[in-house]
Amino acid sequence: MCITQFPEREEGSSELAVQEVACSTAGFVAAVSGRYLCVFGAGGEHLHTLSAEGKSAGSAALQLVTWLDDSTLAAACGHEVTVWSISQEQYKEVVVFAAIPQVNISLLAASPNGQLLAAACDNGMVQVWDIKQQQDSMQPSMDPILKISEGIEGKIERLSWDGTSKLLAAAAGNDVLVWDISAVKDGKVESYVCMGYERGARVTCLAFQAAGSLLASASDHGQCLVHDVHCFGSNGVVN
């Protein structure tokens, strides 16, 4: 066990409350405080301080910090997501993504293979970026490869990827929506609606089986449903 401290900044800011932390498989720890993100080593030593200054003017803070793999870190600030490459000695900004239109990002979910990053936006839209494609590009684009709004009614409460990084699920209202991200064609994807919740219920959580085909979800009415993605048919409705 080790104990560490979010470093005070030269300007004497009192903004030391840590809102979020995230750990990588390489032993790095990322901690967010206001518009600053600190990276610590496995022994608690402070390695880097990353700043959101200059991004999403008017946005209050970094949030939704998540590791995409053992050394790639992402965090949202307003309508933008910044991705950094982290090592013990240095860090590098890899790419900045932006939601279109410019609306606040409320959720982030990285695919298990580290290639895709999905975001839920305050306007009820889900947007997806291809991280690896942009990392390898000579001219990275901020734009998402996919924007999904059809069929989404209400606030998106949760996002979850399946273990294959092909299926993305969202909880919105009393619906569980699933999209096959591996089959994008002309900016559109095949979608499914998992039925079974009572009218007026709000789906509050969902998760795919780590190495299987099951998708579990639950609502504020006390219901818990489990669907098998292998039973998804061609009509887009799953009972």
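Heads up: these notes are all about the structure in this document. Quick caveat, the model's predicted, so the values are computed rather than measured.

Reading the values: the criteria
Residues numbered from 1 in each chain as written. Predicted model: local features only at pLDDT ≥ 70, side-chain atom pairs only at ≥ 80, totals over all residues. Heavy atoms only, no water. Helix = DSSP H or I, 4+ residues; strand = E, 2+ residues; numbered from the N terminus. Buried < 20%, exposed > 50% of the residue type's maximum accessible area, 1.4 Å probe, protein only. Pairing = 2+ DSSP bridges. Axes fitted to C-alpha atoms, helices over the stretch in contact; angles between N-to-C directions.

1. Structural notes on unusual backbone geometry
Excluding glycine, a negative phi dihedral is what most residues carry, and trans is how most peptide bonds are arranged.
Alright, step 1. That bond from Ile100 to Pro101 is cis: its omega, 0°, falls within 30 degrees of zero.
Alright, step 2. Its place among the elements puts Pro101 in the loop between strand E8 (91–98) and strand E9 (105–110).
Alright, step 3. In this structure, Ser165 is a non-glycine residue whose phi angle is positive, near 65°.
Alright, step 4. For Ser165, the position within the fold is in the loop between strand E13 (156–161) and strand E14 (167–172).
Alright, step 5. For Ser165, a relative accessible area of 7% gives the class buried.

2. What about the sheet that holds strand E17 (residues 203–208)?
Alright, step 1. If you trace the 3 strands from one edge of the open sheet to the other, you get E17-E18-E19, paired in antiparallel fashion. Looking at which strands have only one partner, the edges of the open sheet turn out to be E17 and strand E19 (224–228). Across the sheet, the mean angle separating the axes of adjacent strands is 20° when strand polarity is ignored.
Alright, step 2. Sheet topology note: the strand E18 (residues 214–219)/E19 ladder contains 5 bridges and is antiparallel. Within the sheet, the bridge partner assigned to Leu215 lies in E19 and is His227.

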